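Now for the letters of each chain:
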Amino acid sequence: MLKFIGKRLLMMIPVLIGISFIIFAIMSLTPGDPARLILGEYVEDEAIQAMRDELGLNDPFFQRYFDYMAGLIHGDFGVSWVSDLPVLEEIGSRIPTTLTLAFIATAIMTIVGVPLGIVSAVKQYSFLDTLCVFSAFILASVPSFWLGLLLVLLFSLTLNILPATGVDSWQNFILPCITLASVMMASLLRMTRSSMLEVVRQDYIRTARAKGADEKRVIFHHAIRNALLPVVTLVGLNFGNLMGGTIIIENVFAMPGLGTLILNSLYVKNTPVVMGGILFIAVCISIVNLLIDITYSFIDPRVRDRLKG
Amino acid sequence: MRKLISVVLIAMMLTAYLTGCGGDSGGSSTEDRTDLIYRVKSEPPSLDWCAVSDLSTWSILNQMADTLVMKDEDGNIVPGLAESWEFLNDNQTVRFKLREDVKFHNGEMMTADDVVYSLNRAIANPITVLSTTAMKEAEKVDDYTVDLHLKHAYEPILECLLGSHTFITSQKAVEEMGDEAFGRAPVYSGPYQFESWETGDNVVLVANEDYWRGSPAIKKITFKIIPNANTAAIALETGEADFMEDPDSSDRENLINSDNLACYETYQAGTFYIAFNNAEGRFADERLREAVCLTVDREAIVEGSFGGNALAISNPFPPTVFGYDENIKTKEQDIERAKELVVEAGYPDGLTVDTYVSDDPMYLRPTEILQSQLKEIGINLNIIKQERGVFMTQVYYNMDYELAVGSLIASYKDADYEWVEYHGSEAGSFNYLLTDVPEINEYLETGRYSTDKEVRQEAYTNLAQYIVDHSVICPLFIRMNTIICNKDLKGVVPDDLARYHVFDYSW
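Please read all numbers here as calculations on a predicted model, not as lab measurements.

The rules we used
- Residues numbered from 1 in each chain as written.
- Chains lettered and ligands numbered in written order.
- Predicted model: local features only at pLDDT ≥ 70, side-chain atom pairs only at ≥ 80, totals over all residues.
- Helix = DSSP H or I, 4+ residues; strand = E, 2+ residues; numbered from the N terminus.
- Buried ≥ 20, exposed ≤ 12 C-beta atoms within 10 Å, placed from the backbone.
- Contact = placed C-beta atoms within 7 Å.
- Rg over C-alpha atoms; globule rule 2.2 N^0.38 Å.
- Nonpolar A, V, L, I, M, F, W, Y, C, P; charged D, E, K, R; others polar.
- Pairing = 2+ DSSP bridges.
- Axes fitted to C-alpha atoms, helices over the stretch in contact; angles between N-to-C directions.
- Core = buried A, V, L, I, M, F, W, Y, C linked by C-beta atoms within 7 Å.
- Domains from an automatic or database assignment.
- Arc of directions from axis to C-beta.
- pLDDT = per-residue confidence, 0-100.
- Parallel < 35°, antiparallel > 145°, perpendicular 65-115°, else oblique.

S.K.: Give a description of the overall build of chain A that names residues and reports values.
M.R.: Summing up its helical and strand segments, chain A has 13 helices and 0 strands in all. Each helix and strand of chain A, ordered N terminal to C terminal, gives the series α-α-α-α-α-α-α-α-α-α-α-α-α. In terms of overall dimensions, chain A has C-alpha extents of about 85 × 60 × 30 Å along its principal axes. Taken over 309 residues, chain A has a buried fraction of 38%. Relative to all contacts within chain A whose residues are 6 or more apart in sequence, the contacts with residues 24 or more apart total 73%.

S.K.: With reference to specific residues and values, describe the overall build of chain B.
M.R.: Secondary structure assignment for chain B yields 17 helices and 18 strands. Radius of gyration (C-alpha) of chain B: 25 Å, near the 23 Å computed for a compact globule of 507 residues. The C-alpha extent of chain B, read off along each of the three principal axes, is 85 × 70 × 35 Å. Here chain B holds 507 residues, and the buried ones make up 48% of them. Here the analysis covers contacts within chain B between residues at least 6 apart in sequence; of these, 67% occur between residues at least 24 apart.

S.K.: Explain the interface of chain A and chain B to me, and be specific about the residues and the numbers.
M.R.: Interface size, as often reported, equals the accessible area lost upon joining of the parts. With 46 residues of chain A in contact, the opposing surface of chain B contributes 45 residues. Of the residues belonging to the side of chain A that touches chain B, the class tally is 23 nonpolar, 13 polar and 10 charged.

S.K.: Requested: an account of the sheet that holds strand E5 (residues 93–98) of chain B, with residues and values cited.
M.R.: Residue and element names in this part refer to chain B. On the basis of which strands lie adjacent, the open sheet formed by 4 strands has the order E4-E5-E7-E6 and antiparallel pairing. Bordering the open sheet on either side are strand E4 (82–88) and strand E6 (135–142), each of which pairs with just one other strand. On average, each strand axis in the sheet is inclined to that of its neighbour by 20 degrees, with strand direction left out of account. Where E4 meets E5, 6 bridges bridge the pair, whose relative direction is antiparallel.

S.K.: Can you tell me about the nonpolar core, naming the residues and giving the values?
M.R.: Grouped together as the largest cluster of nonpolar side chains are 214 residues, with contacts concentrated most on Leu180 and Leu188 of chain A together with Leu236, Ile274, Val292 and Ile473 of chain B. The element best represented in this core is helix H8 (residues 174–200) of chain A, accounting for 15 residues. Residues lining this core come from more than one domain, with at least three contributed by each of domain 1 (42–192) and domain 2 (270–480) of chain B.

S.K.: Pulling in residues and values, what's your account of the domain arrangement of chain B?
M.R.: Residues and elements named next belong to chain B. Entries for chain B in the domain assignment read domain 1 (42–192) and domain 2 (270–480). Placing the centre of domain 1 and that of domain 2 at their C-alpha centroids yields a distance of 33 Å. Domain 1 puts 11 residues into the contact, and the matching count from domain 2 is 9 residues. Among the residues making up the side of domain 1 that touches domain 2, the classes are represented as 5 nonpolar, 4 polar and 2 charged.

S.K.: Give a description of helix H11 (residues 298–306) of chain B that names residues and reports values.
M.R.: All names here are of chain B. Residues Arg298, Ile301, Val302 and Ser305 constitute the buried set of H11. Looking straight down H11, one finds that the buried residues subtend no more than 95 degrees of arc, so they occupy a single side. Each element contacted by the buried residues of H11 is listed here: strand E14 (310–312), helix H13 (361–375) and strand E18 (473–486). Positive backbone phi, approximately 60 degrees, marks Gly307, located one or two places after H11.

S.K.: Any chance you could break down the environment of Ile221 of chain B for me, citing the residues and the numbers?
M.R.: Position of Ile221 of chain B among the secondary structure elements: in strand E10 (residues 220–225). For the pair Ile221 of chain B and Leu205 of chain B, spaced 16 residues apart in the sequence, the C-alpha separation amounts to 5.2 Å.

S.K.: Give me the lowdown on helix H10 (residues 286–295) of chain B, citing residues and values where you can.
M.R.: Residues and elements named next belong to chain B. Of all 10 residues making up H10, 8 are buried, and the element is well covered by its neighbours. Turning to H10, its buried residues number three or more, namely Leu288, Arg289, Glu290, Ala291, Val292, Cys293, Leu294 and Thr295. In this structure, the buried residues of H10 make contact with strand E13 (270–276), helix H12 (335–344), H13, strand E16 (379–386) and E18.

S.K.: Lay out unusual backbone geometry in plain terms, naming residues and giving numbers.
M.R.: Glycine aside, residues mostly have negative phi, and peptide bonds are mostly found in the trans state. Residues and elements named next belong to chain B. We note that Asp90 has phi near 55 degrees; this positive angle belongs to a residue other than glycine. Of note, Asp90 is situated in the loop between E4 and E5. Given 10 C-beta atoms within a 10 Å radius, Asp90 is considered exposed. Even without a glycine there, the phi angle at Ser471 is positive, about 45 degrees. Inspection of the secondary structure puts Ser471 in the loop between helix H17 (453–469) and E18. Its 23 C-beta neighbours within 10 Å are what place Ser471 among the buried residues.

S.K.: Let's hear about the confidence of the model for chain A: which residues, and what values?
M.R.: Summarising the model, chain A shows a mean pLDDT of 85, and 99% of its residues fall at 70 or more. No element of chain A has a lower mean pLDDT than helix H13 (residues 301–308) of chain A, at 70, and none a higher one than helix H4 (residues 61–73) of chain A, at 89.

S.K.: Just give me the short version of the pairing of E6 of chain B, but keep the residues and values in it.
M.R.: All names here are of chain B. Where E6 lies against strand E7 (residues 145–150), 6 bridges are found, and the strand directions are antiparallel. Each bridged residue has a counterpart across the sheet, and for Lys140 the counterpart in E7 is Val146. Remark: 2 residues form the turn of the hairpin made by E6 and E7, two consecutive strands paired antiparallel.

S.K.: Quick one: what's the story with the pairing of E13 of chain B, residue by residue and with numbers?
M.R.: Residue and element names in this part refer to chain B. In terms of burial, E13 is largely enclosed, as 7 of its 7 residues are buried. With 7 bridges connecting them, E13 and strand E17 (residues 403–409) associate as antiparallel partners. Bridge pairing links Tyr273 to Gly406 in E17. Pairing between E13 and E18: 4 bridges, direction antiparallel. Bridge pairing in E18 links Ala275 to Ile473.

S.K.: Could you give an account of the environment of Thr271 of chain B, naming the residues involved and the relevant values?
M.R.: Residues and elements named next belong to chain B. Note that Thr271 resides in strand E13. Taking the C-alpha atoms as reference points, Thr271 and Glu195, 76 residues apart in sequence, are found 37 Å from one another. With residues near it in sequence (within four places) discarded, Thr271 still touches Ile313, Pro316, Pro318, Ser407, Leu408, Pro475 and Ile478.

S.K.: Help me get a handle on the packing of helix H10 (residues 215–252) of chain A against helix H11 (residues 258–267) of chain A, residues and values and all.
M.R.: Residue and element names in this part refer to chain A. H11 packs onto H10 with a crossing angle of 90 degrees between their chain directions and a minimal axis gap of 7 Å. The angle between H10 and H11 places the two elements in the roughly perpendicular class. Residue-level inspection shows Thr246, Ile247, Glu250 and Asn251 of H10 in contact with H11, the latter providing Leu258, Gly259, Thr260, Ile262 and Leu263. Of the residues assigned to the contact of H10 with H11, the class counts are 4 nonpolar, 4 polar and 1 charged.

Printed below as a string of structure tokens:
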């Protein structure tokens, strides 16, 4: 198992190098001069040139990229071109908000989506199943920013029971987390449902029933474990989507998270902050995927055996 | 199951209700309040006045910092940190007598050294160039007297000293802290002093009880960073914010109709117009520029873009700046003549023009309406939407364009601010219209170097007439500077330069 984890961690290195190169290339080769964008419209050319020199923008692309990577290897993420603060400090202050959002939303999505998917499969074609499938269809079709605004209109403006902006208390996280979770929950619900439906038609389930096992035992002991494998994969994938989704949700709910930081940095092509932020998200997603793979071994003994072997 | 869902929903709502969240309702009593929540659009990059040029930061700095002169309610220039001033040396030096009772937020008393340091720091700084263009050097005469030497006699010098580029700060604070630390926790002398800064969330200022004009009625201002305009509008309605500038035009009507909110508006000291590349490409031909000017229906643009909440103009200058002459007007709409001009210019089959536009609705909507209007005379605009930064690089800096919707907002209320846009010496730099016309240069130079008001007014009248006659640009509209705030907030006055001072407000 340790060998497997070590191997996976090593595999993260080329992935991160690839991502860093792509982002750096996009930031460097797309139009728009960061020095101009940062200093504003009416600034003398000499000042722009001085800033370009200071930021190293006049150096060739590959030299800039290798300089950046050399710093990264030594743990130096650089300094924000806008605020002059170290990138790690800028990102560090935003991480708690984003991770809180992503983890709570993942929890809500799993706690609500998986059981509803199971119930939906077990009670196929019932009113509850139709309701679940229909709700999932609606939620999957709704853009998250729109759902967020609707929830704010209802709970903040009309009912005045939940705050619409900020991160002052736990109540501020309720609406953004529900918004984030809702959209992802739909795919999880449908995946759980179809996975369960496939499993309950298998021969061994029929055998279990024939041997007189009651329905609870059939579902919770025999069916769920097999049905959960693809569901767990989806939870991992959705976590990645959630980290991306926070960019929009943080903007809608005015939350000072990593998403708003990356977005605002993109507007002025603040490369060190964008690189740092995206690399952090990439590391998070890689680690979550690794955790998901490890979780497989607990759910499915065959996977555990393979890892041991 | 249905019972279970109902119980869970009711429990959730009760929990939220009983915990009493949702902020102060806009309808609740504000009599005892001494704080203000002021929405800003973006995080300040720094609070050092020499390091920034964005409106959100200026909204904060206007509460913290003072200038040598100020404006009163009627718009007259009155003493600020300077008690009095006189013009010496053929108007090439302004001598300021400073107040002796001004204390910085760090407890130090203000002296001439601080004023000299602050002004010279601004003069040496490339970001403040629009306001400090005529300033040469500040010099200490005695502990409370400062001479500001100019490059030449300059009539709008006091107007320039009103703005955010010439704030006065403590020399000791900047030198001891260093630029970067100063920008994170600055020291000025204004009615509010820095308290805290939660990155990405808010900046808090508290009242300076030693302020030389007296302690402000509002004791604490929280600048809440809400980038999304719709969210900001909701925050205003729920009472999570008390004050915002420039709501989205789609929210404006709703906000105005809200029982808890008040709206204050005035026209901006700046214009939106069709910018032409006067030197290169097909619009270097005056006939094509004129054809566009004869076709444009400004009222339709204002109605379609801003629901009528802007002022259609046919004069290149805004009415509130010195130099404006109400008699100058562009030619009346004449589609037939416009069509003839397009043919005369050599395009009997019409022409297609790549038109770059920023994705900001302020520019995008008017450009789209313009597209449909110009189609009538055979000019097809091929709209290329760009992110704001890319647009600025393409049009303002590389000047790689033929026609675009642009804007110029005055940094001081004198037509001299147009120098950067039209003077030949700025062509290829700030002057992206690429005009280098002897007449225009002469009018601008007369306006800048003369100290005779009548001569200056005549020069600017001539300049406006030339711009209109030769279709150098095509004036379109002036936007509103809008404030939406809690209706119980008193003392709020709209401003054409968007300089708002919470010191004047109370509940």
